[in-house]
Amino acid sequence: MITWSVNLNPNRLDPELRPDALEAATPQALEHLETLGARGVRVDLFWHWLMPTPWGVNEAALAWYRDFFAQLKARGLTPFVLLYHPPEWAMALLDTDEALFLEAWARFCRLVRALELPLVQIWNEPNNFLAGLKGDAALFDVRRVGKLALPTGVRWHTLAAMFAIARAELPESRLVYNVLANLSPFLPAKRTWLDWEHFTQLLLERAGEAVDVIALDHYPDTWAPGAGPLEWECLDIARRHVNTPGSVWHGKAIMIGEVGYSSAPNFHLVEWPLKWGRFFPGERDEVSMADWYGAALCHLQTALTRARFPHNTAHWINLYELFDAPHPVGAHAALRVEEHFGLVRRDGTPKLAYHVVREAMHGTLAYDLATVGAPRVPLPWRLARWAEQWRERGQKPAVQVLERTVPAALAPLEAER
């Protein structure tokens, strides 16, 4: 049976991470999770919040997490936690004294061990070379060109050491490595260190003994525009590897670490005064989001089964995310897409996709996959790419009429809008 999970970032409850405000907002979040039928919750453990100063501990933050996880347990919800969001002082150490950075990381892992976490993700999408655009911390060697910091390689020693330390400090937890799987079509050549499959191979060669679960983060139709909700080649590739004896992947569990669809409207890659290059092939809204979820979740239930993944000890599909994100002032429209992945709007009301997800998690969502797949036509991204990648996109199934994706109950809900 699949463990359905929903992403809940604490700063969606309160952007300033005030314990009293977080506590006040928690009941509504838990009510949504219970209504949806989720059995798991992916939660960010903010390193910078728990350890705001070198070697110091924010006891109020630790107490909030302890109470929050107790509430999850009381409702039968299993936490899947992300150890990430490093403080500035730790990232400064990484550039000056890697040994001290790793010592700080060990103390962070030791600090959260008392929370008794069953499923722990180490860092976030270490292959995401676009992380810097969002201001996210990364473990890359870089070359500076003016104000730009261009990634030139991976700090493999640091990344592998972090997994080894986490294994020693969190012996009762299953450790998760997650990888962003939809970057490859942006790359000029295959099998580079950024390509998710090759990156995973290299990571497992260095830290495989400390990795229990490989989580695929994949956003077809959002961060892979035009790919379609059934484009899950990465899942088939992972299946082949983990079921092959002798492979460094063999025996690892595979889960969907992040999947979702942004209801943000289309935008131009080049904005005012010159409008150029609409990012998505078509328009998008909450209706298309609901349709996408219906197709994608029904497909994933047939693709992620015990028969196909017999080694799975973490049979999860985690949806990104419960609440829409706060509005980042001055951000490019490409980053504003991040605001609209939520199943719940900022005002606390559910989107149309909320009801589709609820049907899926309760096992009542019916969808006939025979309505999808023909004719197979390319939906090329509105970005420059190699001819080979155009041809590959043409091999992906295109969604036609999603007749039984959205329950009939959605019709009156849409009319009310």
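Below is a short write-up of the structure. Values in this document were obtained by computation on a predicted structure and should not be read as measured data.

A few words on helix H4 (residues 59–74). End to end, H4 covers 23 Å across 16 residues, agreeing with the expected 22 Å (1.5 Å per residue, within 8%). Within the span of H4, buried status applies to Ala61, Leu62, Trp64, Tyr65, Phe68, Phe69 and Leu72. The arc that holds the buried residues of H4, viewed along the axis, is 160°, so those residues lie on one side. Facing away from the buried side of H4 by over 90 degrees, the exposed positions are Glu59, Lys73 and Ala74. Of the residues flanking the start of H4, the one acting as N-cap is Asn58, its side-chain oxygen 3.1 Å from the backbone nitrogen of Ala60.

With that settled, the discussion passes to the pairing of strand E7 (residues 174–180). Most of E7 is tucked away: six of the seven residues are buried. Here strand E4 (residues 119–122) runs beside E7; their pairing, made up of three bridges, is parallel. Each bridged residue has a counterpart across the sheet, and for Val120 the counterpart in E7 is Leu175. Judged from the five bridges that link them, E7 and strand E8 (residues 213–217) form a sheet pairing that is parallel. Note on E8: the bridge partner recorded for Leu180 is Asp217.

Another point: unusual backbone geometry. Across the junction of Tyr320 and Glu321, the peptide omega takes the value 10°, indicating a cis bond. Within the fold, Glu321 resides in the loop between strand E12 (316–319) and helix H11 (333–336). Its identity as a non-glycine residue notwithstanding, Glu125 has a phi of 40°, on the positive side. As for its position among the elements, Glu125 is in the loop between E4 and strand E5 (140–145). For Glu125, a relative accessible area of 8% corresponds to the buried category.

To continue, consider the environment of Phe341. Within the secondary structure, Phe341 sits in the loop between H11 and helix H12 (352–361). Spatially, the C-alpha atoms of Phe341 and Tyr320 are 6.4 Å apart, while their sequence positions differ by 21 residues. Excluding its chain neighbours within four sequence positions, the residues that come into contact with Phe341 are Tyr219, Thr222, Trp223, Gly260, Tyr261, Ser262, Met289, Tyr320, Glu321, Asp324 and Lys351.

Sheet strands associate in pairs through backbone hydrogen bonding, adopting either a parallel or an antiparallel arrangement. Ordered in space as E1-E2-E3-E4-E7-E8-E9-E12, the eight strands form a closed barrel in which the pairing is parallel. Ignoring strand direction, the axes of neighbouring strands in this sheet form an average angle of 30°. Across the sheet, helix H6 (residues 98–113) touches strand E2 (40–46), strand E3 (78–84) and E4, and the angle it forms with E3 is around 160°. Packed on one face of the sheet, helix H9 (residues 233–242) meets E8 and strand E9 (253–259) and runs near 160° to E9.

Below, the discussion takes up helix H10 (residues 286–303). Counted at 1.5 Å a residue, the expected span for H10 with its 18 residues is 26 Å, and the 25 Å between its end C-alpha atoms agrees. In terms of burial, H10 is largely enclosed, as 14 of its 18 residues are buried.

Rules used throughout
Residues numbered from 1 in each chain as written. Predicted model: local features only at pLDDT ≥ 70, side-chain atom pairs only at ≥ 80, totals over all residues. Heavy atoms only, no water. Helix = DSSP H or I, 4+ residues; strand = E, 2+ residues; numbered from the N terminus. Expected span 1.5 Å × (residues − 1). Buried < 20%, exposed > 50% of the residue type's maximum accessible area, 1.4 Å probe, protein only. Arc of directions from axis to C-beta. Polar contact = N/O pair within 3.5 Å; in protein donor to acceptor, adjacent residues only side chain to side chain. Pairing = 2+ DSSP bridges. Contact = heavy atoms within 4.5 Å. Axes fitted to C-alpha atoms, helices over the stretch in contact; angles between N-to-C directions.

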